[in-house]
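Working through the structure, step by step
Residues per chain are reported as follows:
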Amino acid sequence: PDEEILGKKMKDWLRFSACYWHTFRGKGLDPFGSPTINRPWDDESDSIENAVRRVDAAFEFFEKLGVEYYTFHDRDVAPEGESLAESNANLDVLSDHLLSLQKKTGIKLLWATQNLFSNPRYMNGGFTNPDVHVLAYAAAATKKVLEVNKKLGGLNVVFWGGREGYQSILNTDVKRECDNMAAVFRMVV
């Protein structure tokens, strides 16, 4: 009985999940080489149709391996549009599809997060960006991911700051960056 209880606690505390980016979007490259992974279901386009194919392939993989949880960044599952509204609409379409597959398979979302690092707008961070327009865009993207995470029953939210902070102490105002980040976190709470 103690082993069974310990096993259940470990499973609850250390939930295994498949990370969508690494498993279905990463290309197996490094700064010195070319992509090494070919994904036959992925035509490399930023179309909704291709994004749906990726999600379908992911859930087929999850089911075959018995994966109970998955995680993603917003831009992993849905293409970025020409505007925030278009990006949000794309995410709505894909999150509807994700929800239908979750209901069909019983696979759950462990967490979602917002990608505040890939687009060049974030070269100086998202939450810590000195440009208020970029900071506002990052906050809006975060709000949308919180909504999608709730819709999909995500058990957690991650704030991964891939480009947050300063590149050099000589070209920034660290207090302003910290204040900006704190303001976003206060809005989230």
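Here, the structure is the one placed above.
Scope of this entry: the structure provided in the associated data block. (Residues numbered from 1 in each chain as written. Predicted model: local features only at pLDDT ≥ 70, side-chain atom pairs only at ≥ 80, totals over all residues. Heavy atoms only, no water.)

Helices and strands together make up the secondary structure of the chain, namely 7 helices and 4 strands. Mapped from its N terminus to its C terminus, the chain presents α and β elements in the order α-β-α-α-β-α-α-β-α-β-α. Overall, the chain is about 55 × 45 × 35 Å in size when its C-alpha atoms are taken along their principal axes. When contacts within the chain are restricted to residue pairs at least 6 apart in sequence, long-range pairs at least 24 apart make up 69% of them. Accessible surface, the chain as shown: approximately 11200 Å² in total, 58% of it carbon and sulfur. Computed over 23 positive and 27 negative side-chain charges, the separation of the two mean positions in the chain equals 4 Å. (Helix = DSSP H or I, 4+ residues; strand = E, 2+ residues; numbered from the N terminus. Contact = heavy atoms within 4.5 Å. Areas by Shrake-Rupley, 256 points an atom, 1.4 Å probe, with all protein chains shown as cover. Lys, Arg positive; Asp, Glu negative; His and termini not counted. Charge placed at Lys NZ, Arg CZ, Asp CG, Glu CD.)

Below, the discussion takes up the environment of glutamate 44. Relative to the helices and strands, glutamate 44 resides in the loop between helix 2 (20–25) and helix 3 (48–65). With 137 residues separating them along the chain, glutamate 44 and methionine 181 place their C-alpha atoms 34 Å apart. In this structure glutamate 44 touches Lys27 and Asn50, once residues within four positions along its chain are discounted. Among the polar contacts listed, one links the side chain of glutamate 44 to the side chain of lysine 27, at a separation of 2.7 Å. (Polar contact = N/O pair within 3.5 Å; in protein donor to acceptor, adjacent residues only side chain to side chain.)

Before going further, it helps to spend a moment on the packing of aromatic side chains. Using the criterion set out here, one finds 13 aromatic pairs in the structure. Ring centres of phenylalanine 24 and phenylalanine 62 lie 5.9 Å apart, and the angle between their planes is 85°; this geometry places the pair in the edge-to-face category. One end of the pair, phenylalanine 24, is in helix 2; the other, phenylalanine 62, is in helix 3, with 38 residues separating them in the sequence. Look at phenylalanine 24 and you get buried, because its relative accessible area is 2%. Judged by centre distance (5.7 Å) and plane angle (25°), the rings of phenylalanine 62 and tyrosine 70 are stacked. Residue classification places phenylalanine 62 among the buried residues on the basis of a relative accessible area of 0%. The buried category is assigned to tyrosine 70, whose relative accessible area is 0%. (Phe/Tyr/Trp six-rings, centres within 6.5 Å; stacked < 30°, edge-to-face > 60°. Buried < 20%, exposed > 50% of the residue type's maximum accessible area, 1.4 Å probe, protein only.)

Looking now at the sheet that holds strand 4 (residues 156–157). Spatially, 1-2-3-4 is the arrangement adopted by the 4 strands of the open sheet, whose pairing is parallel. Strands at the two margins of the open sheet, each flanked by one partner only, are strand 1 (17–19) and strand 4. Judged from the 5 bridges that link them, strand 2 (residues 69–73) and strand 3 (residues 108–113) form a sheet pairing that is parallel. Looking at the pairing, threonine 71 lines up with tryptophan 111 of strand 3. (Pairing = 2+ DSSP bridges.)

What follows concerns a nonpolar patch on the surface. On the surface, a nonpolar cluster with roughly 420 Å² of combined accessible area is contributed by Met10, Trp13 and Leu14. Along the chain, the position of methionine 10 falls in helix 1 (residues 2–13). (Patch = residues over 30% accessible without salt bridge, like charges linked within 9 Å, V, L, I, M, F, W, Y side chains within 5 Å. Salt bridge = Lys/Arg side-chain N within 4 Å of Asp/Glu carboxyl O.)

A rise of 1.5 Å per residue sets the reference length of helix 6 (residues 132–151), with its 20 residues, at 28 Å; its end C-alpha atoms lie 29 Å apart and thus fit the reference within 8%. Between the side-chain oxygen of the N-cap and the backbone nitrogen of histidine 133 there are 2.8 Å, and the N-cap of helix 6 in question is aspartate 131. Trailing helix 6 by a residue or two, glycine 153 shows a phi angle of about 75°, which is positive. (Expected span 1.5 Å × (residues − 1).)

The end-to-end C-alpha distance of helix 3 is 26 Å, a good match for the 26 Å that 18 residues give at a rise of 1.5 Å each. Regarding helix 3, the residues found buried are Asn50, Ala51, Arg54, Val55, Ala57, Ala58, Phe59 and Phe62. Elements that come into contact with the buried residues of helix 3 comprise strand 1, helix 2, strand 2, helix 4 (74–77) and helix 5 (84–105). In the stretch just after helix 3, glycine 66 is the one whose phi turns positive, near 75°.

Moving on, we come to the pairing of strand 3. Of all 6 residues that make up strand 3, 5 are buried, and the element is covered over most of its length. Handedness of the crossover joining strand 3 and strand 4 through helix 6 is recorded here as right-handed. (Right-handed = clockwise from strand over helix to strand, strands pointing away.)

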